[in-house]
Amino acid sequence: MPLHVSNYSWQQTSTAVFISVPLRGVSVRDADVFCTENYLKVNCPPFLFEVFLYAPIDDESSKAKIGNNTIVFTLRKKEAAMWETLSLSGVDKEMMQRIREKSILQAQERAKEAMEAKAVARREDQKYTLNVMMKIEEEERKKIEDMKENERIKATKELEAWKECQRKAEELKIIQREEKLYHQEKQMEEERKKLKHKCLTGNSASKNLATKGRNSENIFFEKLKEDSIPAPRSVGSIKISFTPRVFPTALRESQVAEEEEWLHKQAEAQRAMNTDIPELCDLKEEEKNPEWLKDKGNKLFATENYLAAINAYNLAIRLNNKIPLLYLNRAACHLKLKNLHKAIEDSSKALEILTPPVADNANARMKAHIRRGTAFCQLELYVEVFSCS
């Protein structure tokens with residue numbers, strides 16, 4: 001049976017009450033203190049101190065100081081007034097029990113409110129942290145995009161400068177070729193004039209030698225005829241355009257029907273979007289894009305954060321379940337986490353989507369076979385590896 005402490009002392013002012021409770025022979029630090037606006041209790045076996053206060057106090061601003069085998073309470077009054085006594089007079093057992101129960105209910109209610117407020121504060125902190133992280137990631141992504149854009153502009157300018165140099169060099173070659181042709185034509189014209197002058201001089205000197213002169217004239221005429229041959233035409237190039245094809249294989253080696261079917265499936269996969277997901281209401285527009293989520297998962301995979309990468313791929317698949325690369329990348333994450341059965345399931349799903357087999361999806365099909373075979377080998381299911389290859 002507990003020993004009730006009766007040798008306590010108390011003092012008061014108009015705004016506060018000071019109570020000193022001595023607890024000799026026990027460890028005061030192990031004392032259990034319970035205080036509400038009308039009730040104060042100290043339980044430190046074998047001692048028990050209990051008082052039903054004369055008037056309400058502000059228990060939130062009240063304090064207790066423990067030391068030297070004594071507990072000193074500083075209780076702040078709700079209303080500034082002097083109390084006649086410390087505890088209520090004429091309190092029977094039934095009334096005491098009601099006050100105790102009411103105090104316990106008040107304390108439980110207050111503790112529940114404090115827990116709810118703490119949970120709300122925690123959620124707000126998490127939301128703020130998430131917003132800050134997303135903002136930082138957005139700034140980094142924008143910075144990378146700006147760097148890419150600057151590099152693209154720089155490369156475009158360099159290409160334009162190179163094209164301009166090539167154009168000027170080509171113009172210079174054309175000018176030099178035209179000048180060379182002009183000089184050749186001028187030289188040929190001068191030679192024709194010289195030959196004509198010689199021909200006229202020879203005819204006037206050999207009037208008596210008609211036959212000889214006639215033959216000479218024929219010789220000069222033939223020479224002039226040869227000199228009048230026009231210069232060769234300039235060299236040029238003929239441009240031939242071919243019908244563009246999506247796949248690089250030759251027509252005799254390609255499977256046109258399968259390739260067209262694959263292109264049709266790819267176009268349908270880009271249009272297949274499932275926006276009826278409750279989680280989408282709190283996301284930004286770019287975060288609702290499966291391609292953006294795939295890139296996000298790839299970055300997380302590169303940082304070895306495989307669980308977060310799987311979450312990104314999961315949401316992307318819920319948005320669009322016809323993109324084979326999402327299953328392939330998630331299978332790689334499962335391999336890293338030793339979720340071998342899930343890796344086999346994702347690789348098989350990717351192979352199911354990667355049909356019909358064409359040159360455009362050969363690389364993806366190879367990765368799917370490798371990841372599924374790796375999972376089978378780690379499970380020591382070697383027969384399945386050969387049967388599925």
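Each remark here, short or long, concerns the structure printed above.
What you see is a predicted model, and the numbers here were worked out from it, not measured in a lab. (Residues numbered from 1 in each chain as written. Predicted model: local features only at pLDDT ≥ 70, side-chain atom pairs only at ≥ 80, totals over all residues. Heavy atoms only, no water.)

K.L.:
I'm lost on the side chain of Arg-141 in this one. Help?
P.N.:
Residue position: Arg-141 is located in helix H1 (residues 93-205). Note on Arg-141: relative accessible area 19%, which makes it buried. Polar side-chain contacts of Arg-141 include one of 2.7 Å to the side chain of Glu-145. If sequence neighbours within four positions are ignored, Arg-141 has contacts with Glu-286 and Trp-292. (Helix = DSSP H or I, 4+ residues; strand = E, 2+ residues; numbered from the N terminus. Buried < 20%, exposed > 50% of the residue type's maximum accessible area, 1.4 Å probe, protein only. Polar contact = N/O pair within 3.5 Å; in protein donor to acceptor, adjacent residues only side chain to side chain. Contact = heavy atoms within 4.5 Å.)

K.L.:
For this particular structure, what's the right way to read the environment of Arg-365?
P.N.:
For Arg-365, the location among the structural elements is in helix H8 (residues 362-378). Taking the C-alpha atoms as reference points, Arg-365 and Ile-353, separated by 12 residues in sequence, lie 9.7 Å from one another. Once residues within four sequence positions are removed from consideration, Arg-365 is found in contact with Leu-351, Leu-354, Pro-357 and Val-358. Of note is the side chain of Arg-365, whose polar atom sits 2.8 Å from the side chain of Asn-361.

K.L.:
Can you walk me through the pattern of salt bridges in this structure?
P.N.:
Think of it this way: side chains of opposite charge can pair up when their charged atoms draw near. Summed over all chains, the structure comprises 15 salt bridges. A salt bridge links Glu-94 to Arg-98, with the shortest nitrogen-to-oxygen separation between them at 3.5 Å. Residue Glu-94 and its partner Arg-98 are located together in helix H1, separated by 4 residues, close to a single helical turn. Of the charged contacts, one joins Glu-189 and Arg-192 as a salt bridge, the two residues approaching to 2.5 Å between their closest N and O atoms. Residue Glu-189 and its partner Arg-192 are both found in helix H1; the two are separated by 3 residues, about one turn of the helix. One continuous salt-bridge network, built from bridges that share partners, spans Glu-138, Arg-141 and Glu-145. (Salt bridge = Lys/Arg side-chain N within 4 Å of Asp/Glu carboxyl O.)

K.L.:
Honestly, the packing of helix H6 (residues 324-336) against H8 in this entry has me stumped. Any pointers?
P.N.:
In a pair of packed helices, the angle between the axes and the distance between the axes together describe the arrangement. Running from amino to carboxyl end, H6 crosses H8 at an angle of 25°, the nearest separation of the two axes being 10 Å. Here H8 runs roughly parallel to H6, going by the angle between their axes. Two packed elements cross with a definite hand, and for H6 against H8 that hand is left-handed. Contact residues: Leu-328, Asn-329, Ala-332 and Leu-335 in H6; Ala-364, Lys-367, Ala-368, Arg-371, Thr-374 and Ala-375 in H8. For the contact of H6 with H8, the per-class residue count stands at 6 nonpolar, 2 polar and 2 charged. (Axes fitted to C-alpha atoms, helices over the stretch in contact; angles between N-to-C directions. Parallel < 35°, antiparallel > 145°, perpendicular 65-115°, else oblique. Left-handed = near helix turned anticlockwise from the far one by under 90°. Nonpolar A, V, L, I, M, F, W, Y, C, P; charged D, E, K, R; others polar.)

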